[in-house]
Amino acid sequence: GAGVSQSPSNKVTEKGKDVELRCDPISGHTALYWYRQSLGQGLEFLIYFQGNSAPDKSGLPSDRFSAERTGGSVSTLTIQRTQQEDSAVYLCASSLMTGGNTIYFGEGSWLTVV
Amino acid sequence: SQQGEEDPQALSIQEGENATMNCSYKTSINNLQWYRQNSGRGLVHLILIRSNEREKHSGRLRVTLDTSKKSSSLLITASRAADTASYFCAVPQGGSEKLVFGKGTKLTVNP
C-alpha cells in the first residue's frame, strides 16, 4: 500500500478482555516496529521484526503482550486481559531495511480500556 | 539506555521566530533522526543525519550533530503556526537498528 495501515483506529474495550491490533506495513519493507505512546509521553519501544530473524521482544511490558508477523508482512499485536494502564496509542512503523533507514509510521490505534 | 532526550520539553514562540530544539544521547551512534508528530498520531520523518556529518539542511530545517558532545539540534527558521507539533529525536540502540525515541519537545508557534 501507499503507507503503513493500522486498524482499528480506535478501540474501546472492557478491562479483562483481549484485543488485537493490526498493522499492514509498506509493501517490501522488511523491518516492522511496534511502539506505545501514552498521553503526552514519548514513544515506548515494544517489539521489532526484521526479515526472518527472531524478533526483538525486549520492550514488551508483560507476558500479556505478544506480537506476530505472518509471511513477513502483516503484523498483529495482541494484548490479553487488558488493564486500564494499557490505554495508549499503539503505533506501528516499517522500513525498507536496516542501517539507518527512515521508518514510516501508521496513524496508530488508540486503545481505551474502561 | 540509549534513549535520546530532547530539551526543552516545551517551547512557545511567535510566528517568524526561530525555534531550536536539542537532543542528547548516551553512547556512540551511526545516525540520528528527527521526527514530527501532530496531534498524538503518526510520526513523520524530517531528517536523518549520519555520524560523519556535522550539519544538514532541508528547507527551513537545519540539523547539527556533535558526536563529541553526543548531542544534536534541530533549528526551524522563520517558524509558522503550522509548525506547531511535537518533535522527537531517535537513535539506534546499541548495535541494533531498533530506534529509541525521547519524550519530545512540544513546540507551539503563535500566530
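Refer to the preceding data block for the structure.
Residues numbered from 1 in each chain as written. Chains lettered and ligands numbered in written order. Predicted model: local features only at pLDDT ≥ 70, side-chain atom pairs only at ≥ 80, totals over all residues. Heavy atoms only, no water.

Peer 1: What exactly am I supposed to notice about the sheet that holds strand 1 (residues 5–7) of chain B here?
Peer 2: Strand pairs in the sheet, formed through backbone hydrogen bonds, run parallel or antiparallel to each other. Residues and elements named next belong to chain B. Spatially, the 5 strands line up as an open sheet ordered 1-3-8-7-6, and their pairing is antiparallel. Of all strands in the sheet, those with a lone pairing partner are strand 1 and strand 6 (55–58), marking the two edges. Along the sheet, successive strands turn relative to each other by an average axial angle of 20°, direction set aside. Judged from the 6 bridges that link them, strand 3 (residues 19–24) and strand 8 (residues 71–76) form a sheet pairing that is antiparallel. Looking at strand 8, one finds that Thr20 is bridged to Leu75. (Pairing = 2+ DSSP bridges. Helix = DSSP H or I, 4+ residues; strand = E, 2+ residues; numbered from the N terminus. Axes fitted to C-alpha atoms, helices over the stretch in contact; angles between N-to-C directions.)

Peer 1: It is not clear to me how the side chain of His29(A) should be interpreted in this structure. Could you clarify?
Peer 2: Residues and elements named next belong to chain A. When you line up the elements, His29 lands in the loop between strand 3 (19–24) and strand 4 (31–37). Classification of His29 as buried rests on a relative accessible area of 9%. At 3.3 Å, the side chain of His29 forms a polar contact with the backbone nitrogen of Ser95. If we skip the residues at most four places from it in the chain, His29 touches Arg69, Gly72, Ser94, Ser95, Leu96 and Tyr104. (Buried < 20%, exposed > 50% of the residue type's maximum accessible area, 1.4 Å probe, protein only. Polar contact = N/O pair within 3.5 Å; in protein donor to acceptor, adjacent residues only side chain to side chain. Contact = heavy atoms within 4.5 Å.)

Peer 1: Would you take a moment to explain the interface of chain A and chain B for this structure?
Peer 2: Put simply, an interface is often sized by how much accessible area is lost when its parts join up. Contacts between the two partners involve 25 residues from chain A, matched on the other side by 18 residues from chain B. For the chain A and chain B pair, buried surface summed over both sides reaches about 1700 Å², with 50% attributable to carbon and sulfur atoms. There are 0 salt bridges connecting chain A and chain B. At the boundary of chain A with chain B, the tally comes to 3 residue pairs in polar contact (both at pLDDT 80 or more). Elements supplying a minimum of two residues to the side of chain A that touches chain B: strand 4, strand 5 (44–50) and strand 8 (88–95) of chain A. No other element matches strand 4 of chain A, which puts 3 residues into the side of chain A that touches chain B. (Buried area = accessible area lost by both parts, 1.4 Å probe. Salt bridge = Lys/Arg side-chain N within 4 Å of Asp/Glu carboxyl O.)

Bear in mind that shape data such as this cannot, by itself, settle questions of function.
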